[in-house]
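Residues per chain, in single letters:
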Amino acid sequence: MDTTQDRERTAPGALAAFTRFALCGGGVGLAAGFAVTALAGPLPWLLANALVTVASTLLATELHARFTFGTGGRATWRQHTQSAGSAAAGYAVTCLAVLALQWLVASPGAALTQVVYLSASALTGVARFAVLRLVVFARNRSRAAVTARTPWPAALARSSSPADPAALCRAA
C-alpha cells in the first residue's frame, strides 16, 4: 500500500539528495574520466568524450532515478531525454575546457587534462543537480511534498460539507 509516509520517506531533502547525487554522479564521473582518457588514445578526444558522455548519462540517470531523487524505480524515457539535455551542456563545457587547455598548453599531459576535465565536470555537476532536482525528477517529488504539507487528507480538505465522524476518525 502506497501511503503518504512511504512517499515522504522516498523523497529525500535537498542535502540528502545532493549527497547521493555527489556519490552516484561523482562515481560515474570518475569512471567516465578514466574511460575518456583510455579512449582518447585510439579515438579523437571529442569523439571519446561524446561516447563516454552518452554511456555515463544513461547510467547516471538510472542511478539518480533509483537512489538520488527517491523515485524508487527506473527512469522513464522522458527523464532520460531531459537528463540528456543537461548532459549535452556538460559535454560542451568539458570540451571547451579541454580545448582551452590544449590551446594554452602546447602538449598537456594526461594528468593535467584529467584535472581540467574533472574540474569542468564538477562545476557542471552542480548545475546538473539543480536541473535534475527542479525539472527532471520534480514531478515525483511535488506530489509527495504537496501531500506532506497537507495535515489532513485531500478529500477532507476539498469537502465543503461537514465530514462524517467515521472519516474523521480514520483521518486522525
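Scroll up to find the structure.
Residues numbered from 1 in each chain as written. Predicted model: local features only at pLDDT ≥ 70, side-chain atom pairs only at ≥ 80, totals over all residues. Heavy atoms only, no water.

Asker: Which residues make up a nonpolar patch on the surface, and what values do they have?
Answerer: Taken together, Trp103, Leu104, Val105, Leu112 and Val115 make up a surface patch of nonpolar side chains, about 550 Å² in accessible area. Elements that contribute at least two residues to the nonpolar patch include exactly helix 4 (77-104) and helix 5 (110-136). Here Trp103 shows up in helix 4. (Patch = residues over 30% accessible without salt bridge, like charges linked within 9 Å, V, L, I, M, F, W, Y side chains within 5 Å. Areas by Shrake-Rupley, 256 points an atom, 1.4 Å probe, with all protein chains shown as cover. Salt bridge = Lys/Arg side-chain N within 4 Å of Asp/Glu carboxyl O. Helix = DSSP H or I, 4+ residues; strand = E, 2+ residues; numbered from the N terminus.)

Asker: Just give me the short version of the side chain of Thr113, but keep the residues and values in it.
Answerer: Tracing the sequence through the fold places Thr113 in helix 5. Ignoring anything within four residues of it in the chain, the contact list for Thr113 reads Trp45, Val98, Leu101 and Pro108. (Contact = heavy atoms within 4.5 Å.)

Asker: So what's going on with the nonpolar core? Residues and values would help.
Answerer: A general feature of soluble globular proteins is that nonpolar side chains tend to end up buried together. Ala17, Phe21, Ala65, Phe69, Ala75, Phe129, Leu132, Val136 and Phe137 together form the largest nonpolar core, which totals 9 residues. Going through the elements one at a time, helix 2 (14-39) and helix 5 are the ones with two or more residues in this core. It is helix 5 that contributes the most residues to this core, 3 residues altogether. Setting aside residues no more than four positions away along its own chain, Phe129 makes contact with Ala14, Ala17, Phe18, Phe21 and Phe69. Core analysis: the next-biggest nonpolar cluster, separate from the first, contains 7 residues, Ala32, Val36, Val52 and Tyr117 among them. (Core = buried A, V, L, I, M, F, W, Y, C linked by side-chain atoms within 4.5 Å. Buried < 20%, exposed > 50% of the residue type's maximum accessible area, 1.4 Å probe, protein only.)

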